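Architecture at a glance
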Amino acid sequence: MTPALEIRGLTVRYGGTTAVHDLDLTIARGETVALLGTNGAGKSSTVNAALGLFRPAAGTVQLLGREPLAAVRSGGVGAMLQHGGLPSESRVGEVLRLVAGRYADPWPMADLVATTGIDGLLDRRTEQLSGGQRQRVLLALALAGTPPLLVLDEPTSAMDVEGRQAFWTTMRDLADRGHTVVFATHHLAEADAVADRVVVVDGGRVVADGSSAQIKSRIAGRTVRFGCTDRTGLDQLPGVTAVRGTGDLVELATTDAEATLRALLATHDRLPDLEVAGASLEQAFLTLTGGTK
Amino acid sequence: MTDLLTFQLRRVLRSWEYLFFTVVLPALFTVFFTKVFGGQVSSGAEYQDYARTYMVSMMAYGGLGAALGATIRLSFDRASGWLRQLRVLPVPGREVVVVDIAVGMLLVLPSLVVVALVGRFVNDVQLSLGTWVSLVGALWIGSAAFVALGMLLGLALEQKAAGAAMGIVSTVLAALGGLWIPVEVFPAGFRTVSQLTPSYWYAGLGRGVVGDGALAVPVLVLAGFAVAFALAALAVGARRPLHAVAG
């Protein structure tokens with residue numbers, strides 16, 4: 001079976017800056033994948049190029065074995081864009097019916113409305129929707145053709161906490177029904193909670209790719225924290241992969257907490273407020289992307 | 001394509017401002033100007049001249065306003081992200097453009113027909129049936145120049161500028177083109193400026209059809225404007241795709 005998404009050697013340039021460098025990514029059918037990265041990491045450029053919104057400087061993209069636009073037109077791919085929107089002077093139901101009518105095999109309207117949680121909004125003017133409601137209507141548009149593949153670019157950015165939770169519950173249901181879900185996010189908690197695979201993007205490159213557990217284990221999942229004013233030589237200690245923290249509080253990311261601690265105790269008389277903890281995905285992420293962001 | 005056409009027509013017709021400025025206002029002006037100026041003349045023949053001229057001018061005013069208003073809106077759909085959204089839905093961009101042009105052309109008709117009806121039944125303008133049909137038909141086809149101008153502005157302008165352009169462009173074109181106040185009472189310099197506007201020639205087309213002037217020159221000049229606007233719109237569209245958010 002062809003992969004849901006196959007990106008080969010993707011390079012995206014805007015003027016003089018390169019947003020995506022020679023990126024390769026293959027996503028199998030049925031996977032739920034988070035593209036995790038900070039703003040400007042290249043997530044949106046990757047997603048937009050994958051959807052055929054512009055022609056990349058180099059590389060190829062195949063969605064379900066087809067060119068992006070062909071895949072979109074056939075209803076194989078549903079997408080939520082960061083800068084997508086709804087038409088003014090129209091009602092939600094009118095927009096939805098226009099789009100659904102374009103597909104050979106549309107998602108049955110009543111079920112689509114229930115699945116995306118937009119009951120009661122069909123007669124509403126698009127200008128009168130809240131941020132969260134708008135995103136759910138856009139999700140309904142993305143799902144209208146019953147697409148096997150869903151591509152979402154920061155879908156929860158305009159939502160409050162409750163809206164987010166409801167949205168991701170819907171996403172997990174869709175994944176359970178067999179949809180491939182690929183979403184870009186800078187919310188580590190979302191990636192951790194929803195995705196069964198996390199692809200960390202930074203500087204237009206994939207810097208890590210695995211389950212969130214694997215991402216954590218790549219830095220062995222430990223943080224050593226203590227009070228210290230002099231940071232010289234800390235980055236040379238055994239196992240240490242990054243030195244962080246603010247002010248007098250030092251945070252060492254380490255692949256070998258025991259070796260790091262032994263070396264610390266050998267060189268420091270006092271280690272006030274010493275703490276050793278498992279790394280969160282957030283810390284793993286910071287380490288992977290250079291530790292300073 | 002009819003689904004998108006119906007959808008777009010319904011959107012434009014929801015805007016009461018649109019209907020007011022393109023149908024109601026030209027119809028009211030037709031009555032008002034004719035009563036003010038036509039009421040001062042003594043003979044019936046002179047009254048006919050006034051009534052006919054103002055009706056043609058107001059048909060041109062309503063027609064160009066409707067053509068511009070229906071098409072400049074394209075800019076709003078870019079700003080809202082709807083054009084970008086359509087790119088990831090099975091609605092080709094080419095179809096969006098074709099439908100917007102069709103909407104612009106179709107919505108010119110109510111303005112032309114309503115003003116013509118007001119001219120005939122309120123102001124008692126006398127024309128043969130063939131001339132009535134030719135007049136509406138010629139001004140309908142001639143409105144293509146303003147549909148092209150509207151598409152050009154809609155593609156090129158940002159939302160705020162487009163919103164302003166909707167009112168300003170049709171007002172300026174109407175005033176300079178002599179649609180409100182006849183060119184004959186303009187100072188000589190203004191008259192030259194007037195002849196540089198497509199609106200002057202658009203009304204000239206109508207005057208030509210009802211026998212108040214030559215027909216060939218307005219047809220040629222208006223066709224020239226239409227081609228120039230259409231080429232410019234194509235150039236802007238090629239440089240800046242429909243789904244581009246900015247730039």
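Residues numbered from 1 in each chain as written. Chains lettered and ligands numbered in written order. Predicted model: local features only at pLDDT ≥ 70, side-chain atom pairs only at ≥ 80, totals over all residues. Heavy atoms only, no water.

1. Section: the overall build of chain A
How we decide: Runs of H or I in DSSP of at least four residues are treated as helices and runs of E of at least two as strands, each being numbered from the N terminus. Buried means the residue's accessible area, taken with a 1.4 Å probe over protein chains only, is under 20% of the maximum for its type, while exposed means over 50%, and partly exposed covers the values in between. Residue contacts are defined here by distance: any two heavy atoms, one from each residue, within 4.5 Å place the two residues in contact. Residue exposure ignores everything except the shown protein chains as possible cover, and the areas themselves are Shrake-Rupley values with a 1.4 Å probe.
Per the secondary structure count, chain A includes 10 helices and 13 strands. Projected onto its principal axes, the C-alpha positions of chain A cover 75 × 40 × 35 Å. Within chain A, the fraction of its 293 residues that count as buried is 53%. Excluding contacts between residues fewer than 6 apart, the proportion of contacts in chain A whose partners are at least 24 apart in sequence is 66%. For chain A, the exposed surface amounts to about 12500 Å²; the carbon and sulfur share of it is 48%.

2. Considerations on the overall build of chain B
For clarity, the cut-off: Here the globule rule reads 2.2 Å times residues to the power 0.38, and the radius of gyration is calculated from C-alpha atoms. Within this scheme the basic residues Lys and Arg register as positive and the acidic residues Asp and Glu register as negative, but His and the chain ends are omitted. Charged groups are reduced to one reference atom each: NZ for lysine, CZ for arginine, CG for aspartic acid, CD for glutamic acid.
The helix and strand inventory of chain B stands at 12 helices and zero strands. For chain B, the sequential pattern of α-helices and β-strands runs α-α-α-α-α-α-α-α-α-α-α-α. The globule rule puts the C-alpha radius of gyration for 247 residues at 18 Å, and the 18 Å found for chain B is close to it. Projecting the C-alpha coordinates of chain B onto the three principal axes gives extents of approximately 65 × 35 × 30 Å. Expressed as a percentage of the 247 residues in chain B, the buried residues total 52%. Expressed as a percentage of contacts within chain B between residues at least 6 apart in sequence, the contacts between residues at least 24 apart total 78%. Accessible surface computed for chain B: about 10400 Å², of which carbon and sulfur atoms make up 73%. Computed over 16 positive and 11 negative side-chain charges, the inter-centroid distance for chain B is 10 Å.

3. Comments concerning helix H8 (residues 144-156) of chain B
Residues and elements named next belong to chain B. Put simply, the test is: In a helix, the anticipated span is given by 1.5 Å times the number of residues less one.
The end-to-end C-alpha separation of H8 is 18 Å, in line with the 18 Å expected for 13 residues at 1.5 Å each. With 11 of its 13 residues buried, H8 lies for the most part within the structure. Restricting attention to buried positions, one finds in H8 the residues Ala145, Phe146, Val147, Ala148, Leu149, Gly150, Met151, Leu152, Leu153, Gly154 and Leu155.

4. A short note on the interface of chain A and chain B
How we decide: The buried area of a pairing is the accessible area, by a 1.4 Å probe, that goes missing from both parts when the two are put together, added over both. Salt bridge, as applied in this entry: a Lys or Arg side-chain nitrogen positioned within 4 Å of an Asp or Glu carboxyl oxygen. Under the rule applied, a polar contact is a pair of N or O atoms within 3.5 Å (in protein, one hydrogen donor and one hydrogen acceptor; residues adjacent in sequence only if both atoms are side-chain atoms). Here the term charged refers only to Asp, Glu, Lys and Arg, the term nonpolar to Ala, Val, Leu, Ile, Met, Phe, Trp, Tyr, Cys and Pro, and the term polar to all other amino acids, Gly among them.
Each partner contributes to the interface: chain A provides 27 residues, whereas chain B provides 22 residues. Of the roughly 2500 Å² buried at the junction of chain A and chain B (both faces included), carbon and sulfur atoms supply 55%. At the boundary of chain A with chain B, the tally comes to five salt bridges. For the interface between chain A and chain B, the tally reads 11 residue pairs in polar contact (both at pLDDT 80 or more). When contributions to the side of chain A that touches chain B are tallied by element, the ones reaching two or more residues are helix H2 (68-73), helix H3 (92-100) and helix H5 (131-143) of chain A. Of all the elements, H3 of chain A adds the most residues to the side of chain A that touches chain B, at four residues. Its residues placed into classes, the side of chain A that touches chain B shows 14 nonpolar, seven polar and six charged.

5. Notes on the sheet that holds strand E2 (residues 17-27) of chain A
All names here are of chain A. What counts is decided by this rule: A strand pair is defined by DSSP finding two or more bridges across the two strands. Each axis is a line fitted through C-alpha atoms, taken for helices only over the stretch in contact, and angles between the N-to-C directions span 0 to 180 degrees.
Taking strand neighbours across the sheet as the criterion, the three strands line up as E2-E1-E4 in an open arrangement whose pairing is antiparallel. If you trace the sheet from one side to the other, it starts and ends with E2 and strand E4 (58-63), each paired once. The average angle at which neighbouring strand axes cross in this sheet is 20 degrees, direction not considered. Strand contacts of helix H1 (residues 43-50): strand E1 (5-14), E2 and E4, with the helix running at about 120 degrees to E1, the strand carrying the most contacts.

6. Some points on helix H3 (residues 44-72) of chain B
Relative to the 42 Å expected for 29 residues at 1.5 Å per residue, H3 of chain B spans 42 Å between its end C-alpha atoms, a close match to the ideal helical length. When you tally the buried positions in H3 of chain B, you get 22 out of 29 residues, the bulk of the element.

7. Regarding a nonpolar patch on the surface
Residue and element names in this part refer to chain B. As a reminder of what qualifies: Residues enter a patch when their relative accessible area is above 30% and they make no salt bridge; the linking distance is 9 Å between like charges and 5 Å between nonpolar side chains (Val, Leu, Ile, Met, Phe, Trp, Tyr).
The grouping of Trp16, Phe20, Phe21, Val24 and Leu28 at the surface amounts to a nonpolar patch, some 520 Å² of accessible area in total. Relative to the helices and strands, Phe21 is located in helix H2 (residues 16-38). Residue Phe21 is classed as partly exposed on the basis of its relative accessible area of 47%.

8. Describing the pattern of salt bridges
In this structure the tally under the stated criterion is 20 salt bridges over all chains. Close ionic contact of Arg73 of chain B with Glu89 of chain A constitutes a salt bridge, the shortest N to O distance being 2.8 Å. Taken as a pair, Arg73 of chain B in the loop between H3 and helix H4 (74-79) and Glu89 of chain A in the loop between strand E5 (77-80) and H3 lie in two separate chains rather than in one. Like Glu89 of chain A, Arg73 of chain B is buried.

9. So, the side chain of Glu190 of chain A
All names here are of chain A. Checked against the element boundaries, Glu190 lands in helix H7 (residues 188-194). For Glu190, the side chain forms a polar contact with the side chain of Trp168, separated by 2.8 Å. Ignoring sequence-local partners within four residues, the contact set of Glu190 consists of Thr156, Arg164, Trp168, Phe183, Thr185 and Ala195.

10. Some details on the sheet that holds strand E9 (residues 205-210) of chain A
Residue and element names in this part refer to chain A. One open sheet accounts for six strands, arranged E5-E6-E7-E3-E8-E9; its pairing is mixed. Every other strand in the sheet has two partners, leaving E5 and E9 as the edge strands with one partner each. Geometrically, the sheet is characterised by an average inter-axis angle of 15 degrees between neighbouring strands, direction not taken into account. Pairing of strand E3 (residues 32-36) with strand E8 (residues 197-202) involves four bridges; the strand directions are parallel.

11. Some remarks on the nonpolar core
Formally: Here, the term nonpolar core denotes a set of buried Ala, Val, Leu, Ile, Met, Phe, Trp, Tyr and Cys residues that are joined through side-chain atoms within 4.5 Å.
Counting residues in hydrophobic clusters, the biggest one holds 115 residues, and the most contacted among them are Leu152 and Met171 of chain A together with Met59, Leu135 and Tyr202 of chain B. The residues touching Met59 of chain B, leaving out its near neighbours within four places in the chain, are Leu112, Val115, Ala116, Leu135, Val136 and Leu139 of chain B. Core analysis: the second largest hydrophobic core is formed by 32 residues, Leu10, Val61, Leu81 and Val201 of chain A among them.

12. Observations concerning the packing of aromatic side chains
How we decide: Aromatic rings from Phe, Tyr and Trp, taking only the six-membered ring of Trp, are treated as a pair when their centres fall within 6.5 Å; an angle between ring planes under 30 degrees marks them as stacked, one over 60 as edge-to-face, and anything in between as tilted. Criterion for a charge above a ring: Arg CZ or Lys NZ at most 6 Å from the ring centre, at most 35 degrees from the ring normal.
All chains considered together, the criterion is met by 15 aromatic pairs over all chains. For the pair Tyr14 of chain A and Phe54 of chain A, a centre-to-centre distance of 6.1 Å together with 65 degrees between the ring planes defines the contact as edge-to-face. Taken together, the positions of Tyr14 of chain A in strand E1 and Phe54 of chain A in the loop between H1 and E4 put the pair 40 residues apart, joining distant regions of the chain. Under the relative-accessibility criterion, Phe54 of chain A is labelled partly exposed at 24%. Measuring from centroid to centroid gives 6.2 Å for Phe29 of chain B and Trp180 of chain B, while their planes differ by 85 degrees, and the two rings are edge-to-face. Separated by 151 residues along the polypeptide, Phe29 of chain B in helix H2 and Trp180 of chain B in the loop between helix H9 (159-176) and helix H10 (188-194) bring together distant segments of the chain. Given a relative accessible area of 22%, Phe29 of chain B falls into the partly exposed group. Chaining the aromatic ring pairs together yields one cluster made of Phe29, Phe32, Phe33, Tyr54, Tyr61 and Trp180 of chain B. We note Arg120 of chain B situated over the ring of Phe121 of chain B; from NZ or CZ to the ring centre the distance is 5.1 Å.

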